[in-house]
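Commentary on secondary and tertiary structure
Residue strings, one per chain:
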Amino acid sequence: MKRITVLLADDNRVVRKEYKKILELEDDLEVVGEAKDGNEAVAMVRIFRPNLVLMDVAMPLLNGLQATCQILKAFPATKVLM
């Protein structure tokens, strides 16, 4: 079974931790990274090439909308859920 790789992008550490706990209950999901701002999310997508990014809209430095635009432009196969 192919695993779906997920990157979590949220400026709240507790939210990221709880999402990770929930997602890792599923055998076919793997959290490959956690980003605390939009810039980090874009950089981590370049490194890990996840299938899916769970993106917070309101984050510091580069908000979720701006980060999503950059990610989809560079990696159109990556799905982003806000």
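The structure under discussion appears in the preceding block.
Below you will find a few notes about this structure. Residue positions are given per chain, counted from 1 along the sequence in the order it is written. Whole-chain, interface and lining totals are the exception, using all residues; otherwise, since this is a predicted model, local features are given only for residues with pLDDT of at least 70 and side-chain atom pairs are given and counted only at 80 or more. Just so you know, side-chain values use all the structure's heavy atoms and leave hydrogens and water out.

A few words on the side chain of T68. Counting from the N terminus, the helices are the DSSP runs of H or I reaching at least four residues and the strands are the DSSP runs of E reaching at least two. The topology assignment puts T68 in helix 3 (residues 64–74). In this structure T68 comes out as buried when scored by relative accessible area, which is 10%. Among residues more than four places away in sequence, those in contact with T68 are M55, V80 and M82. Think of it in three bands: residues with accessible area under 20% of the maximum for their type are buried, residues over 50% are exposed, and the middle band is partly exposed, with areas taken using a 1.4 Å probe on protein chains only. Residues count as neighbours in contact if any of their non-hydrogen atoms are within 4.5 Å of one another.

Where strand 1 (residues 4–9) and strand 2 (residues 29–35) come together, six bridges link them in parallel fashion. Across the sheet, the residue bridging to L7 is G33, located in strand 2. Between any two strands, pairing holds if DSSP finds at least two bridges.

When a carboxyl oxygen of Asp or Glu lies within 4 Å of a side-chain nitrogen of Lys or Arg, that pair is called a salt bridge. By the definition in use, this model includes four salt bridges. A salt bridge links R16 to E34, with the nearest nitrogen and oxygen atoms 3.3 Å apart. One end of the pair, R16, is in helix 1 (residues 13–23); the other, E34, is in strand 2, and 18 residues separate them in sequence. Note that E40 and K36 form a salt bridge whose closest N and O atoms lie 2.9 Å from each other. For E40, a relative accessible area of 24% gives the class partly exposed. Its relative accessible area of 43% is what places K36 among the partly exposed residues. Connected through shared salt-bridge partners, R16, K20 and E34 make up one network.

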